[in-house]
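Observations on chain architecture
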Amino acid sequence: MSRPLITRSEIRKRKEEQERLAQQQKIQAEKAYAKKQKEISGVYRKELKKNKPLEKTRSGEKERYRERGSLLNKAIVIVVVLLVVVMLAVFFI
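Residues numbered from 1 in each chain as written. Predicted model: local features only at pLDDT ≥ 70, side-chain atom pairs only at ≥ 80, totals over all residues. Heavy atoms only, no water.

Brief notes about the overall build of the protein
To keep things clear, this is the line we draw: Strands are runs of DSSP state E lasting at least two residues, helices are runs of H or I lasting at least four, and both sets are numbered from the N terminus onward. The globule rule used for comparison is 2.2 Å times the number of residues to the exponent 0.38, while the radius of gyration itself is calculated over C-alpha atoms. To be clear on the numbers: accessible area is Shrake-Rupley with a 1.4 Å probe, and residue cover counts the displayed protein chains and nothing else. Here the positive residues are Lys and Arg and the negative ones are Asp and Glu; neither His nor the chain ends is included. To locate a charge, take NZ of a lysine, CZ of an arginine, CG of an aspartate or CD of a glutamate.
Within the protein, the regular secondary structure consists of two helices and zero strands. Here the C-alpha atoms of the protein give a radius of gyration of 42 Å, more than 25% beyond the 12 Å that 2.2 N^0.38 yields for 93 residues. Oriented by its inertia axes, the alpha-carbon framework of the protein measures out at about 145 × 15 × 10 Å. Just so you have it, the protein exposes about 10,000 Å², and 62% of that area is on carbon and sulfur atoms. Averaging the positions of the 24 positive and the 11 negative side-chain charges in the protein gives two centres separated by 2 Å.

Structure (structure tokens):
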């Protein structure tokens, strides 16, 4: 009878070694993936900080312009009335 080239114990040792190497590679790949994910999330977090959310709205801005416009219109009317009073006082007194 001839001897086998590789014994069962040698095959088992090689298989265990391959499994151990595969496990190490898997752990390293997971670490690299986690590191890359952390970098990516850091970039997006910076962009969110840079682009602050808008606090103005179109309707709010229009309302502010209307209020300012009405205030200016009232001021103009008051000034015109005062000018008329002053002109009347100058011409008739």
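Observations regarding the pattern of salt bridges
Note the threshold: Whenever Lys or Arg places a side-chain nitrogen within 4 Å of a carboxyl oxygen from Asp or Glu, that contact is recorded as a salt bridge. Burial here depends on accessible area, computed with a 1.4 Å probe over protein chains only, as a share of the maximum for the residue type. Under 20% is buried, over 50% is exposed, and the range in between is partly exposed.
As enumerated under the stated definition, the model contains four salt bridges in all. Measuring nitrogen to oxygen at the nearest pair gives 3.5 Å for the salt bridge that ties Arg14 to Glu10. Residue Arg14 and its partner Glu10 are located together in helix 1 (residues 8–50), separated by four residues, close to a single helical turn. For Arg20, the salt bridge goes to Glu17, with nearest N and O atoms at 2.3 Å. In this pair, Arg20 and Glu17 are both assigned in helix 1, three residues apart and thus about one turn of the helix distant. A relative accessible area of 40% means that Arg20 is categorised as partly exposed.

A look at a nonpolar patch on the surface
For clarity, the threshold we go by: Each patch is built from salt-bridge-free residues with over 30% relative accessible area, joining like charges within 9 Å and nonpolar side chains (Val, Leu, Ile, Met, Phe, Trp, Tyr) within 5 Å.
A cluster of nonpolar residues, Ile76, Val80, Val84, Val86, Met87, Leu88, Val90, Phe91, Phe92 and Ile93, forms a patch on the protein surface that exposes about 1,100 Å² of accessible area. On the secondary structure map, Leu88 appears in helix 2 (residues 58–92). Judged by relative accessible area, which is 44%, Leu88 ranks as partly exposed.

Concerning the environment of Arg66
The condition that has to hold: We call two N or O atoms a polar contact when they sit within 3.5 Å, provided that within protein one can donate a hydrogen and the other can accept it, with sequence-adjacent residues counted only if both atoms are side-chain atoms.
Relative to the helices and strands, Arg66 is located in helix 2. Here the side chain of Arg66 touches Glu63 through a polar contact of 3.1 Å, side chain to side chain.

Overview of the environment of Tyr65
For Tyr65, the position within the fold is in helix 2. Judged by relative accessible area, which is 52%, Tyr65 ranks as exposed. For Tyr65 and Ala29, which are 36 residues apart along the polypeptide, the C-alpha to C-alpha distance reads 58 Å.

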